[in-house]
Amino acid sequence: MDMRWGLVPSWFKQDNPSKLQFNTSNCRSDTMLSKSSYKGALLKGKRCVVLADGFYEWQQQSGGKQPYFIYFPQSKDATDKEMEGDEEWKGWRLLTMAGIFDCWEPPGGGEMLYTYTIITVDASKDVSFIHHRMPAILDGDEAIRKWLDFAEVPTQEAVKLIQPTENIVFHPVSTFVNNIRNNTPECVAPIELGAKKEVKATPSNKGMLGWLKKSQESSPQKKENDLPKWTSQFIHSPSPKKTSADVLQQWLGKQGQPAAKKHKA
């Protein structure tokens, strides 16, 4: 099932969700039980987990903004090998961000639209020098289970899981990521601050680009004609079997440092 990022409350009465007058991509943890956009869904147990390779944040500097890629620490045995059967996944550990979802039905009837928002909290000490806010990250299977188990874990108990986490690492990346049209492995490749930030073509990232392009071209795409007009712009295409994170892990293994790090005050 596809979901649109940016929660549309079930009580929204207009015929087009794009007419929502406020941004609901993120939801502050300190107001999620008071704002009508989120309170109803949260109290009904509409809790979800949003998966991502990591997220970007920009540090304000005198010369502009420096982007960083932020993600879970990765184990030494992380690999980009494809899984077979019930084999335990040992590849890139995805971020598990806490979210709230809702279901909106067009007033005139039609297909339900599922949407979600990502909960945000005050930034943890390690990344607060980059930005003062961060996603609420559920660290570990037990935290994820409790957040999703709305039948056994009541809302007031579940919201206690929404806390900043220190279990994250980061590295600076090129301003190449600032252009939303760029969606290649260069976006997450580590750079050395102080060096030129332009992406250099190396045998390694040339290979990554070639593989990613081929993978994206072979990925099945939805036909817009098969979708309601108001949802076609929001549908997420299925991801290829490998993601930029898989390629990043391979890149890090071959290139070595700069390694991910935590900030030291």
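Q: Looking at this structure, I do not really get the overall build of the protein chain. What am I missing?
A: Broken down by element type, the protein chain carries 5 helices and 9 strands. Going from the N terminus to the C terminus, the protein chain shows its helices and strands as β-β-α-β-β-β-β-β-β-α-α-β-α-α. A burial count over the protein chain gives 42% of its 265 residues as buried. For the protein chain, long-range pairs separated by at least 24 residues make up 66% of all intrachain contacts whose partners lie at least 6 apart in sequence. When the accessible surface of the protein chain is totalled, it reaches about 15500 Å², and 50% of it is carbon and sulfur.

Q: Sorry if this is basic, but what is going on with the sheet that holds strand S9 (residues 169-172) here?
A: In any sheet, the strands associate via hydrogen bonds between backbone groups, in a parallel or an antiparallel arrangement. One open sheet accounts for 3 strands, arranged S4-S5-S9; its pairing is antiparallel. Of all strands in the sheet, those with a lone pairing partner are strand S4 (55-61) and S9, marking the two edges. Neighbour-to-neighbour, the strand axes of this sheet turn through a mean angle of 35 degrees, independent of strand direction. Relative to S9, strand S5 (residues 64-71) runs antiparallel, the two sharing 4 bridges.

What counts and how
- Residues numbered from 1 in each chain as written.
- Predicted model: local features only at pLDDT ≥ 70, side-chain atom pairs only at ≥ 80, totals over all residues.
- Heavy atoms only, no water.
- Helix = DSSP H or I, 4+ residues; strand = E, 2+ residues; numbered from the N terminus.
- Buried < 20%, exposed > 50% of the residue type's maximum accessible area, 1.4 Å probe, protein only.
- Contact = heavy atoms within 4.5 Å.
- Areas by Shrake-Rupley, 256 points an atom, 1.4 Å probe, with all protein chains shown as cover.
- Pairing = 2+ DSSP bridges.
- Axes fitted to C-alpha atoms, helices over the stretch in contact; angles between N-to-C directions.

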